[in-house]
Amino acid sequence: MGFANIAANNGWSMAFLGISIVMTGLIVLSLAISQIHKLVAFWERRQAKAAQAPAPVVEPEIESPAPALSGQCPINLDELADLYQPLTEPLGAPFELKELYRVAGESDLPHPHITIRCFREAGLLTMESEGLFSWKR
Amino acid sequence: MGFANIAANNGWSMAFLGISIVMTGLIVLSLAISQIHKLVAFWERRQAKAAQAPAPVVEPEIESPAPALSGQCPINLDELADLYQPLTEPLGAPFELKELYRVAGESDLPHPHITIRCFREAGLLTMESEGLFSWKR
Amino acid sequence: MGFANIAANNGWSMAFLGISIVMTGLIVLSLAISQIHKLVAFWERRQAKAAQAPAPVVEPEIESPAPALSGQCPINLDELADLYQPLTEPLGAPFELKELYRVAGESDLPHPHITIRCFREAGLLTMESEGLFSWKR
Amino acid sequence: MYELLISFLTNTGYYFISQDFRYVLMILVGLLFLYLGIAKKYEPLLLVPIAFGIVVGNIPFFKGFGLGIYEANSVFHYLYFGVTTGLYPSIVFLGLGAMTDFSSLLAQPKLMLLGAAAQMGVFFTLLGALALDFLPKEAASIAIIGGADGPTSIFLTAKLAPHLIGPIAIAAYSYMALIPVIQPPIMRLLTTRQERRIRMDEPREVAKTERMIFPILGVLLCCLLAPTALPLLGMLFLGNILKESGVVERLAKTARSAIIDTATVFLGFCVGMSTQADVFLTEKSLLIFCLGALAFSLATASGVIFAKIMNLFLRKKINPLLGASGVSAVPGSAREVHLMGQHEDPGNYLLMHAMACNSSGVIGSAIAAGVLWSFMM
Amino acid sequence: MYELLISFLTNTGYYFISQDFRYVLMILVGLLFLYLGIAKKYEPLLLVPIAFGIVVGNIPFFKGFGLGIYEANSVFHYLYFGVTTGLYPSIVFLGLGAMTDFSSLLAQPKLMLLGAAAQMGVFFTLLGALALDFLPKEAASIAIIGGADGPTSIFLTAKLAPHLIGPIAIAAYSYMALIPVIQPPIMRLLTTRQERRIRMDEPREVAKTERMIFPILGVLLCCLLAPTALPLLGMLFLGNILKESGVVERLAKTARSAIIDTATVFLGFCVGMSTQADVFLTEKSLLIFCLGALAFSLATASGVIFAKIMNLFLRKKINPLLGASGVSAVPGSAREVHLMGQHEDPGNYLLMHAMACNSSGVIGSAIAAGVLWSFMM
Amino acid sequence: MYELLISFLTNTGYYFISQDFRYVLMILVGLLFLYLGIAKKYEPLLLVPIAFGIVVGNIPFFKGFGLGIYEANSVFHYLYFGVTTGLYPSIVFLGLGAMTDFSSLLAQPKLMLLGAAAQMGVFFTLLGALALDFLPKEAASIAIIGGADGPTSIFLTAKLAPHLIGPIAIAAYSYMALIPVIQPPIMRLLTTRQERRIRMDEPREVAKTERMIFPILGVLLCCLLAPTALPLLGMLFLGNILKESGVVERLAKTARSAIIDTATVFLGFCVGMSTQADVFLTEKSLLIFCLGALAFSLATASGVIFAKIMNLFLRKKINPLLGASGVSAVPGSAREVHLMGQHEDPGNYLLMHAMACNSSGVIGSAIAAGVLWSFMM
Ligand code: NA
Ligand code: NA
Ligand code: NA
């Protein structure tokens, strides 16, 4: 019991060493993170320099990994809707989906079936009543 | 090492047979799915025919399994709110909940307690200040 | 087979006792819950009495445990935005973030860096184009 | 090459099916269940995973390969572990607690008796199963089908008669899906038109504090009486206090979405897979199906009759149809009761009251399961 | 019939309670904790599941039946597995990493020292526990209570002294909930009014890249020094890089919602259940509670005093109250520090700074746990 | 004290690193992968957890302590259990099924052949690996890298050659991330400009019922042929029917969010951790990397060439670039195909068609894995 027990179990060493190690660990980490922003600044300067060099070939917007998880819908649904919505104006609202397919086909828009299904899944196009649809944007 | 090893381990057979099986599998599946839409069309024709027969007794809207999971709230909350909201007009806004109970009771609307709690949970009815409520639709 | 088998396996006792126990359990529970509201009423009366005594020191709004989980953002972001938004009016829209920092600093608002980051994370402040921001409230 | 081809061919499912047509039969059962779940919308949350599990579980394969649900070290065996240990049912109860609102039960405590009465069906079926020469532990597992609670049935069977999990679970879920077929005739037979037209009072509003105290009182009173109900009721009321305390909403939300959904998918799928034709299609399974139907019918009848007996003593009568919803089978039976009430009197709203009986039926059958388990000790 | 009735009655919880009133005592403790969690809102995310677990875990039952958390093959035993293996604490750290923003720590690296200083309380308590005749592994597990990190305490205890998980976890969580009671007097005692009024500079803005580099640097520097901290810090920084990388937001979102919530519910509930009166109510548990209070107080004091020592050397003084938030106990202690700062000077905003100390306290006690574990090798 | 200090120091990661520099090498590899995942956005959902796992897994520690992924009773070992049993891959397939829309495949069944053709790469690589003296089970595990499906590779390797999980998984994921580097030259080499400009017809719209029937037909036809594909395809089609049935949307939603995310984080992280330098850096691993590159290239080439062969017989030609997306590697290869198609003719939209091939490639390589497994029986 008491101090004897501490000493017998190496307690003083453990306590002293333990505190020292935790301190060392966090001091090293705090020194390191106090230097990160210099590293970052250096890195960004280098990149800025690189950016002044002629720009590499711009990759098309499809590069984004988003479609991986959002199924097979085009990413730029909103832009596509900008193309589709005017087509339906002559049809009035609500209109039949069949009509939308027809005008999309006439205008030679790519992938009308999939695009229109995506509109519906994204809630841009909603069913008003049996078979009649309208835009919801 | 090399070809001897492949032969000793039955490699050629495995490769040839493996490719054949995978091919067979996907060819069969692709043939099958190319026939699905015919099956579906046939099915739908049959159903369309059945639909021309006198319609069976229409089941009430509560048939939907939705309430199972959305607790004990009525499904057509929005419609119910259409019934309740006019009652509160004479009360001005915001009004006391107690008043709403009273007018609901006077109008003999079913389940006012539960319905009103559901309104609150669904955010249709919100507390403005201590004890005073208003519609948020 | 049959009744002999039931008796041999203590069936009658199990059935009778089983029903009795389930009944007992739910009767006791139903009696208990039929008394809860009295308990609650008693409790509330006591609390109401206590409330008539002079109110204890009001704890500041930060007492809420919310910040625990919503990171390190101030809770009253909307109020803070009320302070910040007028500052940007002279800047027009969209404005540069740097400008917002400057005017916030000039007005001596606390924690501009963190607050502004929080605005952006909460979507109150959005990037229009490269480096140009506007409010979205 | 030739040997390899032959060896492959004799390990295809086609070969095994040609040897044992019972697999085809079970696959057809699976497809039928899928149809009921998807097209008829009979309890799809249960039926769709189970039905697909039946189809997948009856694609036959070479045993000893580590593929099937009954083979150690297979993926399906590890998933099935949650069934055989009773983990999934307990976890489902956690989610159930986090989504159940006991308000209408709290407002009308006497409806709780109907949830108890329906459990009589369980004990009557126990007698029937014993009479048909089932061993006591098997009989208890079969009887609990009358509780009309899938997870409870699976839990008790996993503890008492794990070899019967397949047929008992399938029977329990089938009859839950068939509630609209089983209950109405019994309800109509046992009640007069006058009784079916009885209107119930609007339940009083229930204070937040009451709802908060209920799970504590519930777990104490039920589990001090039948501690064996702890794995089910402990979790049910844990979920409920997460919901009602109002201070840990994020935990309650996860419990009633991600947690219960995950347990539901795996529970249903594994139970479906456990119906491998070679272990499932036995005379016992057939008997279990018959006894299951009996259990459901007896439970429904017990509830209705008990309600009528209660009415002898009550000044303000209760609608005896509500007795039928004491079997739980959330929320199928509540729907049937409500529909039949409205059929007789379109102004009769029984849904809230029926759901009160439903939730007390869940508690009742969990206690019944605990009692049966402790009897078999 | 009579024997069955007697056998049933002697297996009810009521019977066992009548034999051993300690269960009632523990249930009352559970109810008290529930009250603190729900009505007083003391760390409800921790206290509510734990408190309900205490209630459920102290409903007594016949042992040898496969019901209790300490009995093989019970549902609760399988859930408890996540505690005894250290899985839940690690998973909680994953979620914690995915929800922690280290920005203010990155802006003020010197505050990290306060998170380290508070760990002195851990090692002082180690001495105390050894002096009270605890075995070294027990003493280490008790000492880590001073780290004020529930998951860390549970993790280390699971590795070193699994038989003490119950009391140590309960002590750790109780004192974390009691932060508003324990810390303020110590803070007030050790600081002058002048010191408490010290204002801190607005931290600079931290670039996205810095926040992205931090988890990598953190895991390397901390775990190369103390590899035994890997199960905690590896997961913490994994969560943080999921958050900060910005390219796997869906993973980070799931980590900080479904994953951490699930682990939190089961961790809390199981820890609560582990307080079964017959194994929990021992003299040792009482001693552990005393040492736990000591640990918390020493940690708070160490942090404050160390801040004052730092001020001797710093030109721009730091507010020594911040030292108290080095114990972590996220975010309770940060709140106390902030409130006390505002009490002296309403314009003094210490919250951000205090949370920086909090997060470094999390890292600090994980390292301390690793060091203690490796000492006991 | 001195002994304790020495003992501590010789157990730091710094000490072990000084003894064996291979850990540094692997940590650098991890950092490179992190860079590719975060800055270059190469399949970050896979690369970020794996890369951080590589870093964490290569912080060396004293063995025999219960810390590392290969040591029984460690937290990481329990998490790794989901890899070695094949549980995570199966669960990932469940989520994948719940997020995949097979419409464009259903509209153009002939594209399914391209997903089959790409699997030739698998079997050619099998020959190569056998020729290089790998044991048959090892060779099969290596060959499946050509399937370009992380979970499938891990699953088969866990069943056939668990000691190779690390290198095979890393090779599979590396090459999937390197798709933009590997595939374009091969595609360009094997096709003429004329062929690359072939436009595909807009696929017809697919009825809901068709999409609902597909998972049933798929699981029956594929798994009756190769029952060993059940753990992967059973789960894939289960997820898909949850999605397409439309009546269990809440289950499908959880499957494609919480469930798959959780499995993805743990799968990636554990696979990364399994690359501990002392077991990973062997000559075999190097060979596996070479064979993996070969497998990917052969699979790409097989797909393209097979498409050209199909064109000999088809009236309405298909764009042979689509053959390259038969390797799956969802959705990397579909992107490459689409980009190359647009490069030649900006009005050429191949994405939908390529994703059809992708999804059939997933099915194809799961069958290939099943076939290889059954050959090794
Ligand atoms: Na029931
Ligand atoms: Na700490
Ligand atoms: Na593939």
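Residues numbered from 1 in each chain as written. Chains lettered and ligands numbered in written order. Predicted model: local features only at pLDDT ≥ 70, side-chain atom pairs only at ≥ 80, totals over all residues. Heavy atoms only, no water.

Asks: Looking at this structure, how should I read the overall build of chain A?
Replies: A count of helical and extended segments in chain A gives five helices and three strands. Helices (α) and strands (β) of chain A occur, in sequence order from the N terminus, as α-α-α-β-α-α-β-β. Counting across all 137 residues of chain A, residues that qualify as buried make up 36%. Sequence-distant contacts in chain A: of pairs separated by 6 or more residues, those separated by 24 or more amount to 52%. By element, 61% of the accessible surface of chain A is carried by carbon and sulfur atoms, the whole surface being about 8000 Å². (Helix = DSSP H or I, 4+ residues; strand = E, 2+ residues; numbered from the N terminus. Buried < 20%, exposed > 50% of the residue type's maximum accessible area, 1.4 Å probe, protein only. Contact = heavy atoms within 4.5 Å. Areas by Shrake-Rupley, 256 points an atom, 1.4 Å probe, with all protein chains shown as cover.)

Asks: Even after reading the chapter, I still don't get the packing of aromatic side chains, so can you show me in this structure?
Replies: Each pair of aromatic rings is reported with the distance of its centres and the angle of its planes. Throughout the structure, instances matching the rule amount to 37 aromatic pairs over all chains. Both rings, one in F155(E) and one in W373(E), keep their centres 5.9 Å apart while their planes meet at 80°; by these two values the pair is edge-to-face. Placement of F155(E) in helix α11 (residues 150-160) and of W373(E) in helix α21 (residues 351-375) is noted, with a sequence separation of 218 residues between them. The pair F155(E) / W373(E) is uniform in exposure class, with both members buried. Through a chain of ring-to-ring contacts, the aromatic side chains of F102(D), F214(D) and F237(D) assemble into a single cluster. Positioned over the ring face of W43(C) is R46(C), at 5.4 Å from the centre of the ring. Positioned above the aromatic ring of F61(F) is the side chain of K63(F), whose terminal nitrogen or guanidinium carbon lies 4.9 Å from the ring centre. (Phe/Tyr/Trp six-rings, centres within 6.5 Å; stacked < 30°, edge-to-face > 60°. Lys NZ or Arg CZ within 6 Å of the ring centre and 35° of its normal.)

Asks: Hey, could you run me through the pattern of salt bridges in this one?
Replies: Close approach of charged atoms lets side chains of opposite charge pair. As enumerated under the stated definition, the model contains 39 salt bridges over all chains in all. Two residues, R199(E) and D345(E), come together in a salt bridge whose shortest N-O distance is 3.1 Å. Here R199(E), found in the loop between α14 (193-196) and α15 (208-225), pairs with D345(E), found in the loop between α20 (332-344) and α21; they are 146 residues apart in sequence, far enough to count as distant. In this structure D345(E) comes out as buried when scored by relative accessible area, which is 10%. Across the pair E249(E) and R256(E) runs a salt bridge, and its minimum N-O distance is 2.5 Å. E249(E) gets classed as partly exposed once you look at its relative accessible area, which sits at 37%. One salt-bridge network, in which partners are shared between bridges, spans R193(D), R196(D) and E344(D). (Salt bridge = Lys/Arg side-chain N within 4 Å of Asp/Glu carboxyl O.)

Asks: How do you make sense of the interface of chain A and chain E when you look at a structure like this?
Replies: By a widespread convention, an interface's size corresponds to the accessible area lost as its parts come together. Listed per partner, the contact involves 30 residues of chain A and 39 residues of chain E. Here chain A and chain E share an interface that buries about 3000 Å² over both sides, 86% of which is from carbon and sulfur atoms. Viewed at the interface, chain E and chain A are joined by zero salt bridges. Our enumeration of links across chain A and chain E arrives at two residue pairs in polar contact (both at pLDDT 80 or more). Of all the secondary structure elements, the ones that give two or more residues to the side of chain A that touches chain E are α1 (3-8) and α2 (11-52) of chain A. (Buried area = accessible area lost by both parts, 1.4 Å probe. Polar contact = N/O pair within 3.5 Å; in protein donor to acceptor, adjacent residues only side chain to side chain.)

Asks: What exactly am I supposed to notice about the relation of the copies chain F and chain D here?
Replies: Turning one copy of the chain about an axis and sliding it along that axis gives the other copy, so a rotation and a shift relate them. Overlay of chain F on chain D (RMSD 0.0 Å): rotation 120°, translation along the axis 0.0 Å. As the rotation angle and translation indicate, the two copies are arranged about a three-fold axis. Relative to the rotation axis, the C-alpha of A258(F) is the closest in chain F, positioned 3.7 Å from it. In this assembly, only 2% of the residues forming the interface of chain F have copies in chain D that are likewise at the interface, indicating a heterologous arrangement. (Least-squares fit on C-alpha atoms with pLDDT ≥ 70 in both.)

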